[in-house]
Amino acid sequence: MARHHTIKCDLILELSPLSYTRSVESYQQHSRYIKGQRPESLPVSMASAITPGIDLPTDIRQFVGTYMGKKIKQNARELFTNIRLVDLHVKPSYLLDFGVEGIEKLVSLIEEMKTRRYITNILNILQLGMDVIIMCPTIIKTMQCPSTEWESKFTIVDVSKRRGAPEVMCKCVHVFGQLKQVISTIDPDFEHIRLVIVDCKTANLTTIFGLLLGYPVVYWFENEDGLMANCLDMEPLVNFKVMGQGQKNESEHCVYSFSIPQRVFANLQDKVTEWFKVIYDNSEWTRVFCDLTLTHTTVQLNTVAL
């Protein structure tokens, strides 16, 4: 079941139903929510003309496939665009949600993108367990800065199974302490595009991902038994997406996607609105898109895997 809602936001008032799930099985089960539905454009007065930029490869699929192999071609535009968005600081990082055959191929692709001036910054590739995140080392360094106020920037929602229902964590000093410890072990490389192994055994991986990806609201749950259990099954979730519209009738690109339990959404709505305003005010996105919109819908899933 999905229900349409409107966010009170000065930047966008037209919202469409969209849903987000991490697993392929869940996506197929709930794909009827998103088929054929697209967010409306911003009002003309708010939409920005795309900034004239560099000459991109005529065939992005072919360019990416040359370095990543044929199997990656179906995700070529997503990968290429997200690397550019990280380079432009439109998003702090990009989590690859598809497999790659060898990190060295990804390194070669990013190196070639920099050589051809498709990107301008050195980027690092973080490996956290089986997952891979592309991130700018300057963002890592900023997160490691002692003056970074994590408590005001991020809100943590406790979704532990034993709790029974999601709840905003008021006292989360110990959680932030664990996360800061993990982030502090990352050794960013400002000179080379390379792989950086991150030891994340001491903290909740879901929460680390949320912070690195720049979500305003992130999940945390107790996982002492290693079962990754949570209390979000059949819990109404407000799913948010920031969508970018490219040039020449290109398909929309999902810049951000995350969810917030509906039962705590009322207290966090203003935080999400302000978060999106900061993203929108960063005009660098106009180098990639002609329009940027925030959409959300409410969904209820039988099983939620984090």
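Right above here is the structure, for reference.
What counts as what
Residues numbered from 1 in each chain as written. Predicted model: local features only at pLDDT ≥ 70, side-chain atom pairs only at ≥ 80, totals over all residues. Heavy atoms only, no water. 1 Å grid on protein atoms, 1.4 Å probe; cavity = no way out; pocket = protein on both sides within 12 Å on 5 of 7 lines; lining within 4 Å. Points joined across faces, edges and corners; volume = space filled by probe spheres on them. Helix = DSSP H or I, 4+ residues; strand = E, 2+ residues; numbered from the N terminus. Nonpolar A, V, L, I, M, F, W, Y, C, P; charged D, E, K, R; others polar. Salt bridge = Lys/Arg side-chain N within 4 Å of Asp/Glu carboxyl O. Buried < 20%, exposed > 50% of the residue type's maximum accessible area, 1.4 Å probe, protein only. Core = buried A, V, L, I, M, F, W, Y, C linked by side-chain atoms within 4.5 Å. Contact = heavy atoms within 4.5 Å. Pairing = 2+ DSSP bridges. Axes fitted to C-alpha atoms, helices over the stretch in contact; angles between N-to-C directions. Expected span 1.5 Å × (residues − 1). Arc of directions from axis to C-beta.

Engineer: Sorry, what's going on with the layout of surface pockets here?
Structural biologist: Once rolled over the atoms, a probe with the size of a water molecule shows which space is left empty. One number sums up the size of the second largest pocket: a volume of about 500 Å³. Forming the walls of the second largest pocket are 23 residues, and the residues nearest its centre are Pro92, Lys153, Gly214, Trp275 and Val278. Contributions of two or more residues to the lining of the second largest pocket are made by α5 (137-144), α6 (150-153), α8 (205-212) and α9 (262-281). Of the residues in the lining of the second largest pocket, the class split is 14 nonpolar, five polar and four charged.

Engineer: Any chance you could explain the pattern of salt bridges here in plain terms?
Structural biologist: As a working rule, side chains carrying opposite charge can pair if their charged atoms are close by. Counted under the stated rule, the structure contains nine salt bridges. Salt-bridge contacts for Arg116 lead to Glu112; the nearest nitrogen and oxygen are separated by 2.8 Å. Note on Arg116: relative accessible area 41%, which makes it partly exposed. For Glu112, a relative accessible area of 19% translates into the label buried. Between Arg163 and Asp158 there is a salt bridge whose closest N-O contact spans 3.0 Å. Given the relative accessible area of 32%, Arg163 is considered partly exposed.

Engineer: Teacher, can you tell me more about the nonpolar core here?
Structural biologist: Among soluble globular proteins, nonpolar side chains are generally buried collectively. Core analysis: the biggest nonpolar cluster contains 65 residues, and Leu126, Leu128, Leu212 and Leu292 have the highest contact counts within it. Per-element tally for this core: the top contributor is α9, with eight residues. Aside from chain neighbours lying at most four places away, what touches Leu212 is Pro92, Ser93, Leu126, Leu128, Ile133, Met135, Met143 and Ile183. One finds Ala76, Ile103, Leu106 and Ile119 within the second-largest nonpolar core, a separate group that totals 28 residues.

Engineer: Explain the sheet that holds strand β3 (residues 124-128) to me, please; I cannot follow it from the model alone.
Structural biologist: With respect to topology, four strands assemble into an open sheet ordered β2-β4-β3-β7, the strand pairing being mixed. Looking at the sheet topology across the chains shown, the edges are occupied by β2 (93-95) and β7 (195-197). Between one strand axis and the next, the sheet turns by 25 degrees as a mean value, whatever way the strands run. Alignment of β3 against β7, held across three bridges, turns out to be parallel. The residue of β7 that forms the bridge with Ile125 is Leu195.

Engineer: What is the right way to read the environment of Gly69 from this model?
Structural biologist: The topology assignment puts Gly69 in the loop between α2 (60-68) and α3 (76-87). On the basis of relative accessible area, Gly69 is assigned to the partly exposed category, the value being 23%.

Engineer: Sorry, what's going on with helix α7 (residues 173-184) here?
Structural biologist: Each full turn of the α-helix corresponds to 3.6 residues, which orients residues three or four apart in the same direction. Here α7 is twelve residues long and its end C-alpha atoms lie 16 Å apart, about the 16 Å a rise of 1.5 Å per residue gives. Taken together, the buried positions of α7 are Val175, Phe176, Leu179, Val182 and Ile183. Down the axis of α7, the buried set is contained in an arc of 120 degrees. They therefore lie on one face.

Engineer: It is not clear to me how the pairing of strand β4 (residues 131-135) should be interpreted in this structure. Could you clarify?
Structural biologist: Side-chain positions along a regular strand alternate between the two faces of the sheet. Counting buried residues along β4, four of its five residues qualify, which places the element largely inside the surrounding structure. Where β2 and β4 come together, three bridges link them in antiparallel fashion. Looking at β4, one finds that Ser93 is bridged to Met135. Two strands pair when backbone bridges link them, and β3 and β4 are joined in this way by five bridges, in the antiparallel orientation. The residue bridging Ile125 from the neighbouring strand is Ile134, located in β4. What sits between the antiparallel neighbours β3 and β4 is a turn of two residues, in which Gly129 has the positive phi angle 65 degrees.

Engineer: Looking at this model, I keep getting lost on the pairing of strand β5 (residues 155-158). Mind explaining?
Structural biologist: In β5, alternate side chains face the same way, and those of Thr155 and Val157 on one face and Ile156 and Asp158 on the other are all buried. When β5 meets strand β8 (residues 217-220), the two strands line up parallel, connected through four bridges. Looking at β8, one finds that Asp158 is bridged to Trp220. Looking at chain direction, β5 and strand β6 (residues 167-168) are connected through two bridges and run antiparallel. Opposite Val157, over in β6, you have Val168 as the bridge partner.

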